[in-house]
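Each chain is listed here by its residues.
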Amino acid sequence: ITFVCILKACSNVGAIDDGMSIHTSIVESGFESNDIVGNALIDMYAKTGSVEDARIVFDKLDNRDVIAWNAMIHGYAEQGCDEPALQLFQNMQVEEKKATTVTFVCALKACSNLTSLMWGKLIHFYIIESGCESVPSVSNSLIGMYAKCEGMVNACRMFQRITDPDVVSWTIMIDSYNQLGLYKEALMWFEDMRQNGVNADKAVFISILQTCSGGLLSLQHVKEIHNLIIASGLELDGIVGNVLINMYAKRGEFDDAQSVLNRLPKREISAFNAFIRGYTQHG
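Residues numbered from 1 in each chain as written. Predicted model: local features only at pLDDT ≥ 70, side-chain atom pairs only at ≥ 80, totals over all residues. Heavy atoms only, no water.

What exactly am I supposed to notice about the overall build of the protein chain here?
When helices and strands are tallied, the protein chain shows 17 helices and zero strands. C-alpha atoms of the protein chain, sized along the principal axes, occupy 65 × 40 × 30 Å. Per-residue burial over the protein chain gives 46% buried out of 283 residues. Nonlocal contacts in the protein chain, meaning residues at least 24 apart in sequence, comprise 58% of its contacts between residues at least 6 apart. In the form shown here, the protein chain has an accessible surface area of approximately 14300 Å², with 52% of it arising from carbon and sulfur atoms. Counting 22 positive and 33 negative side-chain charges, the protein chain places the centres of these two groups 6 Å from one another. (Helix = DSSP H or I, 4+ residues; strand = E, 2+ residues; numbered from the N terminus. Buried < 20%, exposed > 50% of the residue type's maximum accessible area, 1.4 Å probe, protein only. Contact = heavy atoms within 4.5 Å. Areas by Shrake-Rupley, 256 points an atom, 1.4 Å probe, with all protein chains shown as cover. Lys, Arg positive; Asp, Glu negative; His and termini not counted. Charge placed at Lys NZ, Arg CZ, Asp CG, Glu CD.)

Encoded structure:
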């Protein structure tokens, strides 16, 4: 228990040197083969960026439970080692280890990074078999994977299969259309979200402000969205405020941009950069 707790602390602060020192103590104490300690070691190495060391511990474990598999797949996916993550997922199926929602979410992240539709459809098959397709984290990951790997047709179909889409589902759809430059479609999804009674959060507003930056909307419509942000209490958020400033500056509405800047509790360099870019673009 002592080792598990202190390894978690190392993971939280990214202290890999301390973690390696504790690993030495674990070996000396004879606990390295303990499943729970082994899982904590894998998690620590994976989260601190040393997936090679995590894999060494993983391969040494006699009884690898789903926690160990998930920690290893998650570590690979987070560090951009997407092919090893998917290969490990496949090995998990060969060894007939039952995947969990965490397994599927991590594997789908690797698919998205590789834009591999083949892998994505294979994992979707396993998800359906496991009965996890309706779990929000999994269905949202499927939407994101299809949007990234194939475009919006299957992403829309996946969205329509969700009984009660949450704000994350709507955000993925809006953001995916924005990434493809389909700003009118992104706005339509934003309006549909509001009509369905789903309140926008920070991620939604940041995404829809990208649409506003494109100049497709009237200033009145933009200000309506700004008022929604104020009503939600997010205008003073540093990231949202900077995106608002950038949006107004791109449109040449410098008085509105200045008004947002004046209200921000902390002024970031990105806000000033947005003004400089906007002034330059508008001569």
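That was the structure; now back to the text.
Any chance you could explain the packing of aromatic side chains here in plain terms?
Here a ring pair, both rings aromatic, is described through the centre-centre distance and the interplanar angle of the planes. For the coordinates displayed, the defined rule picks out eleven aromatic pairs. Ring geometry for Phe89 and Tyr126: centres 5.7 Å apart, planes at 70 degrees, overall edge-to-face. Of the two residues, Phe89 sits in helix α6 (residues 82–94) while Tyr126 sits in helix α8 (residues 117–130), which places them 37 residues apart along the sequence. In this structure, Phe89 and Tyr126 share a single accessibility class: buried. Site record: aromatic cluster; members linked through ring pairs are Phe89, Phe104, Phe125 and Tyr126. Above the plane of the ring of Phe58 lies Arg64, whose end atom (NZ or CZ) is 4.7 Å from the centre. (Phe/Tyr/Trp six-rings, centres within 6.5 Å; stacked < 30°, edge-to-face > 60°. Lys NZ or Arg CZ within 6 Å of the ring centre and 35° of its normal.)

How should I be thinking about the pattern of salt bridges in this particular structure?
What the rule picks out here adds up to ten salt bridges. In this structure, Arg194 and Glu191 form a salt bridge, with 3.8 Å as the shortest nitrogen-oxygen distance. Within this pair, Arg194 and its partner Glu191 are both found in helix α12 (residues 183–195), separated by three residues, close to a single helical turn. Glu191 gets classed as partly exposed once you look at its relative accessible area, which sits at 22%. As a salt-bridge pair, Lys223 and Asp256 come within 2.6 Å of each other at their nearest N and O atoms. Remark: Asp256 occurs in helix α16 (residues 254–263) and Lys223 occurs in helix α14 (residues 219–231); sequence separation between them is 33 residues. Taking the relative accessible area as the measure of exposure, Asp256 reaches 19% and is therefore buried. (Salt bridge = Lys/Arg side-chain N within 4 Å of Asp/Glu carboxyl O.)

Sorry, what's going on with the packing of helix α5 (residues 66–78) against α6 here?
Each packed pair of helices is defined by two parameters, the angle between the axes and the distance between the axes. Taken N-terminus to C-terminus, the directions of α5 and α6 make an angle of 160 degrees; their axes are 7 Å apart at the nearest point. When the interaxial angle is binned, α5 and α6 end up roughly antiparallel. Pair α5 / α6 crosses with left-handed handedness. Of the residues in α6, those touching α5 at Val66, Trp69, Asn70, Met72, Ile73, Tyr76 and Ala77 are Asp82, Pro84, Ala85, Leu88, Phe89, Asn91 and Met92. (Axes fitted to C-alpha atoms, helices over the stretch in contact; angles between N-to-C directions. Parallel < 35°, antiparallel > 145°, perpendicular 65-115°, else oblique. Left-handed = near helix turned anticlockwise from the far one by under 90°.)

Hey, could you run me through the packing of helix α11 (residues 167–179) against helix α13 (residues 202–213) in this one?
One way to put it is that α11 packs onto α13 with a least axis distance of 9 Å and a crossing angle of 25 degrees. For the element pair α11 / α13, the angle class is roughly parallel. For the element pair α11 and α13, the recorded crossing hand is left-handed. Between α11, through Val167, Thr171, Ile174, Asp175, Asn178 and Gln179, and α13, the contact on the second element is made entirely by Ala203, Val204, Ser207, Ile208, Gln210 and Thr211. Of the residues assigned to the contact of α11 with α13, the class counts are five nonpolar, six polar and one charged. (Nonpolar A, V, L, I, M, F, W, Y, C, P; charged D, E, K, R; others polar.)

What should I look at first to understand the environment of Val51 in this one?
Within the fold, Val51 resides in helix α4 (residues 51–60). The buried category is assigned to Val51, whose relative accessible area is 5%. Residues Val51 and Met72, spaced 21 residues apart in sequence, show a C-alpha to C-alpha distance of 7.7 Å.

Whenever I open this one, helix α10 (residues 152–160) confuses me. Can you help?
Side chains of residues three or four places apart in an α-helix project in the same direction, reflecting 3.6 residues per turn. Taken together, the buried positions of α10 are occupied by Met152, Asn154, Ala155, Cys156, Met158 and Phe159. In this structure, the buried residues of α10 make contact with α8, α9 (136–149), α11 and α12.

Explain the state of the cysteines to me, please; I cannot follow it from the model alone.
Cysteine pairs can be covalently joined through their sulfur atoms, and such a bond is termed a disulfide. Within the structure shown, the criterion is met by zero disulfides. Here Cys10 stays free of any disulfide, with the sulfur of Cys5 as its closest cysteine sulfur at 11 Å. The thiol of Cys132 is not disulfide-bonded; the next cysteine sulfur, from Cys106, is found 13 Å away. (Disulfide = S-S within 2.5 Å.)

I would appreciate a short explanation of the environment of Lys184 in the present structure.
Secondary-structure assignment places Lys184 in helix α12. A relative accessible area of 59% means that Lys184 is categorised as exposed. Between the C-alpha atom of Lys184 and that of Ile56, which follows or precedes it by 128 residues, the distance is 49 Å.

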